[in-house]
Amino acid sequence: MASRLASSRALLRAPPALRALRTRRLATLPSQARVVVVGGGIIGTSTAYHLAKRGWEDVVLLERDRLTSGTTWHAAGLMVTFGSLSATSTEWRKYSKRLYAETLEAETGLSTGFKGCGFVELATDGDRLEEYRRVAAFNRKEGVDVQEISAAEVERLFPLCRADDVLAGFYVADDGRVNPVDATAALAKGFKNMGGTVVEGVAAEDLITEGRRVAGVATTCGRTIKADYVVNCGGMWARQFAERHGVCVPNQAAEHYYLVTEPMADVDPDWPVVEDPSSHTYIRPEGGGLMVGLFEPEAAAWNVGEIPSDFSFGEIEPDWDRMAPFLEKACGRVPAAGAAGVRTFFCGPESFAPDLAPLIGETPELSGYFVAAGMNSIGILTGPGVGRTVANWVVDGVPDTDVCGVHVDRTKDFQRAPLYRARRVEEALGDVYKCHYPFKAPKSARGALRLPLHERHVAAGATFQSSLQAWAKPLNASAIALLLINPDTQPHDFEVPLANVSAALAAGDRGGCLGGSWGGIGGSSANSDFWDQFFITPSGCDVSGTIFINSSGCVIHQRWGVCVNLECSDQFHPNPPPPPMPP
């Protein structure tokens, strides 16, 4: 009875646009499809819509409850093109805005609620000013019309905004906001108009596989749908669904907050969205008052063990004690918001990836199994772009853009561990509004993977860089000196000639980053699937024994081409010829 009441409440809370969207009766649930898209939020409907755009009509969209019922329904709806230093993400944002502003309503007759009211990013200290100028220059190169404006101009655009400490604002006049529920409904209608099938109230319970390839899905209504491709757009449930077949999608939900004030007489609904990361906030007009959104520096993970399968249109009890200091600082940017009455202090879950980059693409574990999840609270403003990329990838077999930074194959199995996800998401959400310094490494969940020489690096005073893959890699010259192996020694002998140590120390201060002394990190050779290449070439040093470190941490000597660490966990790795030395 309680579950029925909960379901009824969720249905009643569903917006009229979604209640009007008729679903496919279970009696006609297809038994076969070319593609099954799992998840009816903004990402799932966008992916389905763009598959249909490519002429693939035999596509089924499965939603366990109602469209948007996970996290899309409570999204703040910012539609911002400013802010990314990724050409891929910037293009996704530009395309998404065009689709919301122009295409969908013309095709479907449904408004997305897009309002091009403008967007202003505030720089209140020298570091943020430098960062945003760098971002602005890049965004202009990518076709975003961003202008640097004065504090006085910020006050003119948003009169309630305190600007006495603002060094500059970065303004995009035609950015703004969109209604997430209306946008999802428009995508779903466009998908159905092109022959697609939307099924609500039926969840994908498991995958059907044949060998190492996906072959369909089993549903909660006891029926299966055979399919050539399955796209997991399950949002905060994506990890749970994927790991049933050993697929790694390590996104994690966290508490996410915004406050909506009572109506305020002085608020103009046409004011722009103002974002002030130094105050952990974005602020925009909402319902006659103001919405004050929060990205606190240290977040709280939510349901690390398992996201409840029946959580729909749900809210989390706000932690007023934890959030009060951040809310007070946020309202300091617009003091009138702090003085107004509180209509809603909302807390709902949002999922984040360990490195704040989306998790998309075909999984390395299962052919034909694609993922589009871990949107890091930018699902609305990138959703159409992400959906188009995933759809084109499915149809063409290759992505239509550079996906190196977002491909799901960059993840590692240990990142599914509960403690890792909990610690990393607490930091990741906070990083959204922190100053983004070059080469910043995460502070949480470090040391999961260590190189064979780790203890010797520690003894030498190493400073470590931790990447998404979590290898603790030494950055400073004194530790790197330990890797200059004498080629005349035996594979198990790691004695380091004093001359090599001295040369390395001369190349950079102890504890200082070598910077340009690295010949290269990463690389794009034909062997890049197996290697993280370390070209160790300190300036002025006669390198006698350059090594490589493969994806499992084995130390590979260039001359020998074998694993020189006898205690390595990956003794039987692929052993292609070493990449050439850089000039």
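Residues numbered from 1 in each chain as written. Predicted model: local features only at pLDDT ≥ 70, side-chain atom pairs only at ≥ 80, totals over all residues. Heavy atoms only, no water.

A.B. asks: Sorry, what's going on with the overall build of the protein chain here?
C.D. replies: If you tally the helices and strands in the protein chain, you get 15 helices and 25 strands. When burial is assessed residue by residue, the protein chain has 57% of its 583 residues classed as buried. Summarising the internal contacts of the protein chain: among those between residues at least 6 apart in sequence, 70% fall at separations of at least 24. With an accessible surface of roughly 23,700 Å², the protein chain has 50% of that area assigned to carbon and sulfur atoms. (Helix = DSSP H or I, 4+ residues; strand = E, 2+ residues; numbered from the N terminus. Buried < 20%, exposed > 50% of the residue type's maximum accessible area, 1.4 Å probe, protein only. Contact = heavy atoms within 4.5 Å. Areas by Shrake-Rupley, 256 points an atom, 1.4 Å probe, with all protein chains shown as cover.)

A.B. asks: Mind showing me how you'd approach the pairing of strand 2 (residues 59-63) here?
C.D. replies: Side chains on a regular strand alternate between the two faces of the sheet. Burial of strand 2 is extensive: five of the five residues sit out of reach of the surface. Here strand 2 shows two buried faces, one formed by Val-59, Leu-61 and Glu-63 and the other by Val-60 and Leu-62. The sheet contact formed by strand 1 (residues 32-38) and strand 2 spans four bridges and is parallel. Residue pairing across strands places Val-35 opposite Val-59, the latter belonging to strand 2. Remark: the strand 1/helix 3 (residues 42-53)/strand 2 crossover connection has right-handed handedness. (Pairing = 2+ DSSP bridges. Right-handed = clockwise from strand over helix to strand, strands pointing away.)

A.B. asks: Help me understand the sheet that holds strand 14 (residues 281-286), please; the structure alone is not making it clear to me.
C.D. replies: Adjacent strands of a sheet form backbone hydrogen bonds with each other and so pair up, either parallel or antiparallel. Read across the sheet, eight strands follow the order 5-6-4-13-14-15-12-16 without closing on themselves; strand pairing throughout is mixed. What marks the edges here is a single partner per strand, and that holds for strand 5 (147-149) and strand 16 (342-352). On average, each strand axis in the sheet is tilted by 25° relative to the strand beside it, whichever way the strands run. Pairing of strand 4 (residues 119-123) with strand 6 (residues 168-172) involves five bridges; the strand directions are antiparallel. In the strand pairing of strand 6, Leu-122 is matched with Gly-169. Relative to strand 15 (residues 289-294), helix 9 (residues 320-331) is tilted by about 120°, and along the sheet it contacts strand 12 (252-261), strand 14, strand 15 and strand 16. (Axes fitted to C-alpha atoms, helices over the stretch in contact; angles between N-to-C directions.)

A.B. asks: Help me understand the side chain of Thr-363, please; the structure alone is not making it clear to me.
C.D. replies: Assignment of secondary structure puts Thr-363 in the loop between strand 17 (359-362) and strand 18 (369-373). We classify Thr-363 as buried; its relative accessible area is 4%. The contact partners of Thr-363, leaving out residues within four places of it in the chain, are Val-247, Tyr-369, Val-371 and Val-408.

A.B. asks: Explanation requested: the packing of aromatic side chains in the structure shown.
C.D. replies: Remark: the centre distance and the inter-plane angle together describe each pair of aromatic rings, the angle taken between the planes. For the structure on display, the rule yields 17 aromatic pairs. Here the aromatic rings of Phe-82 and Phe-119 are separated by 6.4 Å at their centres, their planes lie at 35°, and the arrangement is tilted. Taken as a pair, Phe-82 in the loop between strand 3 (78-79) and helix 4 (87-108) and Phe-119 in strand 4 lie far apart in primary sequence, 37 residues in all. Pair check on accessibility: Phe-82 and Phe-119 agree, each one buried. Following the ring pairs from residue to residue traces out a cluster consisting of Trp-56, Tyr-229, Phe-370 and Trp-393. Arg-64 extends its terminal NZ or CZ atom over the ring of Trp-237, reaching a point 4.0 Å from the ring centre. Between Arg-213 and the ring centre of Tyr-229, over which it is positioned, the NZ or CZ distance is 5.3 Å. (Phe/Tyr/Trp six-rings, centres within 6.5 Å; stacked < 30°, edge-to-face > 60°. Lys NZ or Arg CZ within 6 Å of the ring centre and 35° of its normal.)

A.B. asks: Quick question: what am I supposed to make of the confidence of the model for the protein chain here?
C.D. replies: In low-pLDDT regions, the fine details of the predicted coordinates are not to be read closely. Chain-level pLDDT for the protein chain is 81 on average; 75% of the residues reach the 70-or-more range. Low pLDDT, under 50, characterises residues 1-12; the stretch is placed with five contacts to residues that sit more than four places away or in other chains. (pLDDT = per-residue confidence, 0-100.)

A.B. asks: Sorry if this is basic, but what is going on with the nonpolar core here?
C.D. replies: Looking at soluble globular proteins, one finds that nonpolar side chains tend to be buried together. Judged by nonpolar contacts, the single largest core of 75 residues is most densely connected at Val-35, Val-37, Leu-51, Phe-82, Phe-170, Ile-360 and Val-394. By residue number, the principal contributor to this core is helix 11 (residues 379-396), which donates eight residues. Ile-360 has contacts with Trp-92, Val-371, Ala-372, Met-375, Val-386, Thr-389, Val-390, Trp-393, Val-403, Val-406, His-407 and Val-408, leaving out every residue within four places of it along the chain. Tyr-171, Tyr-257, Trp-271 and Trp-302 belong to the second-largest nonpolar core, a separate cluster that totals 39 residues. (Core = buried A, V, L, I, M, F, W, Y, C linked by side-chain atoms within 4.5 Å.)

A.B. asks: Help me out: how do you make sense of the pattern of salt bridges in this one?
C.D. replies: Applying the stated criterion to the full structure yields 27 salt bridges. Ionic pairing is found between Arg-333 and Asp-165, a salt bridge with its closest N-O pair at 2.9 Å. Here Asp-165 lies in the loop between helix 6 (151-157) and strand 6 and Arg-333 lies in the loop between helix 9 and helix 10 (335-339), a separation of 168 residues in the sequence. Using a relative accessible area of 28% as the deciding quantity, one classes Asp-165 as partly exposed. Measuring nitrogen to oxygen at the nearest pair gives 3.2 Å for the salt bridge that ties Arg-322 to Glu-296. Residue Arg-322 is found in helix 9, and its partner Glu-296 is found in the loop between strand 15 and helix 9; the two are separated by 26 residues along the sequence. Classification of Glu-296 by relative accessible area gives buried; the value is 0%. Where salt bridges share partners, they join Arg-162, Asp-164, Asp-165, Asp-276 and Arg-333 into one cluster. (Salt bridge = Lys/Arg side-chain N within 4 Å of Asp/Glu carboxyl O.)

A.B. asks: Would you mind going over helix 9 with me for this structure?
C.D. replies: Three or four residues apart is the spacing at which side chains of an α-helix point the same way, because the helix has 3.6 residues per turn. What helix 9 keeps buried is the set Met-323, Phe-326, Leu-327, Ala-330 and Cys-331. Projected down its long axis, helix 9 shows its buried positions confined to an angular sector of 135°, all on one face. Exposed residues pointing more than 90 degrees away from the buried face of helix 9 are listed as Asp-321 and Glu-328. (Arc of directions from axis to C-beta.)

A.B. asks: What am I meant to see in unusual backbone geometry here?
C.D. replies: A negative phi holds for most residues other than glycine; trans holds for most peptide bonds. Even without a glycine there, the phi angle at His-280 is positive, about 65°. As for its position among the elements, His-280 is in the loop between strand 13 (273-276) and strand 14. We note that Leu-356 has phi near 60°; this positive angle belongs to a residue other than glycine. Considering the arrangement of structural elements, one finds Leu-356 in the loop between strand 16 and strand 17.

A.B. asks: I tried to follow the packing of helix 3 against helix 4 on my own but got confused; where do I start?
C.D. replies: Relative orientation and spacing of two packed helices are given, respectively, by the angle between their axes and the distance between those axes. The N-to-C vectors of helix 3 and helix 4 enclose an angle of 65°; their axes lie 14 Å apart at closest approach. The angle between the axes of helix 3 and helix 4 places the two elements in the roughly perpendicular class. Between helix 3 and helix 4 lies a crossing of left-handed hand. Taking contact as the criterion, the partners of Ile-42, Tyr-49, His-50 and Lys-53 in helix 3 are, on helix 4, Tyr-95, Leu-99, Tyr-100, Thr-103, Leu-104 and Glu-107. For the contact of helix 3 with helix 4, the residue count by class is six nonpolar, two polar and two charged. (Parallel < 35°, antiparallel > 145°, perpendicular 65-115°, else oblique. Left-handed = near helix turned anticlockwise from the far one by under 90°. Nonpolar A, V, L, I, M, F, W, Y, C, P; charged D, E, K, R; others polar.)

A.B. asks: Where do I start with the pairing of strand 16 in this structure?
C.D. replies: Of all 11 residues that make up strand 16, eight are buried, and the element is covered over most of its length. With 10 bridges joining them, strand 12 and strand 16 adopt antiparallel strand pairing. Counterpart to Gln-252 in the pairing with strand 16 is Phe-352.

A.B. asks: In this structure, what is going on with helix 3? I would like to understand it.
C.D. replies: The end-to-end C-alpha separation of helix 3 is 16 Å, in line with the 16 Å expected for 12 residues at 1.5 Å each. Along helix 3, 11 of the 12 residues are buried, which leaves the element largely enclosed by surrounding structure. One or two positions beyond helix 3, positive phi appears at Gly-55, with a value near 95°. (Expected span 1.5 Å × (residues − 1).)

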